[in-house]
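Remarks on the overall topology
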Amino acid sequence: MSPVARLDEFENADTSAANTRFSQEPRMSQNVVVLIGRILLSIMFITAGFGKLTDPAGTAGMIANAGWPAPTVLAYLAGIFELVAGLAVLVGFQTKIAAYLLAAFTLVTAFVFHSGAINIPTFSPEANGLLTVFNGLMMMKNISVAGGFLVLAAFGPGALSIDARRA
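Note that the structure is a prediction, hence the values are computed from the model and not measured.

**Quick word on the side chain of Asn 128**
Along the chain, the position of Asn 128 falls in helix H7 (residues 125–155). Of note is the side chain of Asn 128, whose polar atom sits 3.4 Å from the side chain of Asn 119. Excluding its chain neighbours within four sequence positions, the residues that come into contact with Asn 128 are Ile 118, Asn 119, Ile 120 and Phe 123.

The following block contains the structure:
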């Protein structure tokens, strides 16, 4: 068969079955995977938010070192936000809003708190170097998590969510 005949055959192929397959609602296994993804994305924020609310001093110190005002108040506000938004993602309630907000929050924290070198005067240069590498990894982790939240916001929480039950 000539290349032109093969191209004609391809252009005239019936693709309705393939198009129908991809336009159908997600299968249950896909919804389970989305649920697992929501659980994994939310765990970090639920635990971090709870930690900030029960012991805000460490977070307040980081906020103060970044030069932001009212560090204790901001630590509590960050804790409340992380806990509430994390729970919203976990149960799939107002998921798109929570996911967009968490993506933005995570990107801000990546660039404000996890970019740049670490230089603690009482630490050795080697220790500061290791902390700088770790801080860079935390920045990349935050950027990746923000990407996960953007995917969740774009495609939704799946059928195993409060949002799906309300629709």
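Moving on from the model shown.
**Digging into the confidence of the model for the protein**
When pLDDT is averaged across the protein, the result is 89; 84% of the residues are at 70 or more. When mean pLDDT is taken per element in the protein, helix H5 (residues 71–91) scores highest with 98 and helix H2 (residues 16–23) scores lowest with 49.

**Side note on the nonpolar core**
If you look at the biggest cluster of nonpolar residues, it comprises 14 residues, and the most contacted ones within it are Val 89, Leu 102, Phe 149 and Leu 152. Contributions of two or more residues to this core are made by helix H3 (28–54), H5, helix H6 (95–113) and H7. Excluding anything up to four places from it in sequence, Val 89 contacts Arg 38, Ser 42, Ala 98, Ala 99, Leu 102, Phe 149 and Leu 152.

**Focus: the packing of aromatic side chains**
Each aromatic ring pair is described using two quantities: the centre-to-centre distance and the angle formed by the ring planes. Under the defined criterion, the tally for this structure stands at three aromatic pairs. Centroid distance Trp 68 to Phe 113: 6.0 Å. Interplanar angle 45°. Geometry classified as tilted. Note that Trp 68 is positioned in the loop between helix H4 (57–65) and H5 and Phe 113 in helix H6, a separation of 45 residues in sequence.

Reading the values: the criteria
Residues numbered from 1 in each chain as written. Predicted model: local features only at pLDDT ≥ 70, side-chain atom pairs only at ≥ 80, totals over all residues. Heavy atoms only, no water. Helix = DSSP H or I, 4+ residues; strand = E, 2+ residues; numbered from the N terminus. Polar contact = N/O pair within 3.5 Å; in protein donor to acceptor, adjacent residues only side chain to side chain. Contact = heavy atoms within 4.5 Å. pLDDT = per-residue confidence, 0-100. Core = buried A, V, L, I, M, F, W, Y, C linked by side-chain atoms within 4.5 Å. Buried < 20%, exposed > 50% of the residue type's maximum accessible area, 1.4 Å probe, protein only. Phe/Tyr/Trp six-rings, centres within 6.5 Å; stacked < 30°, edge-to-face > 60°.

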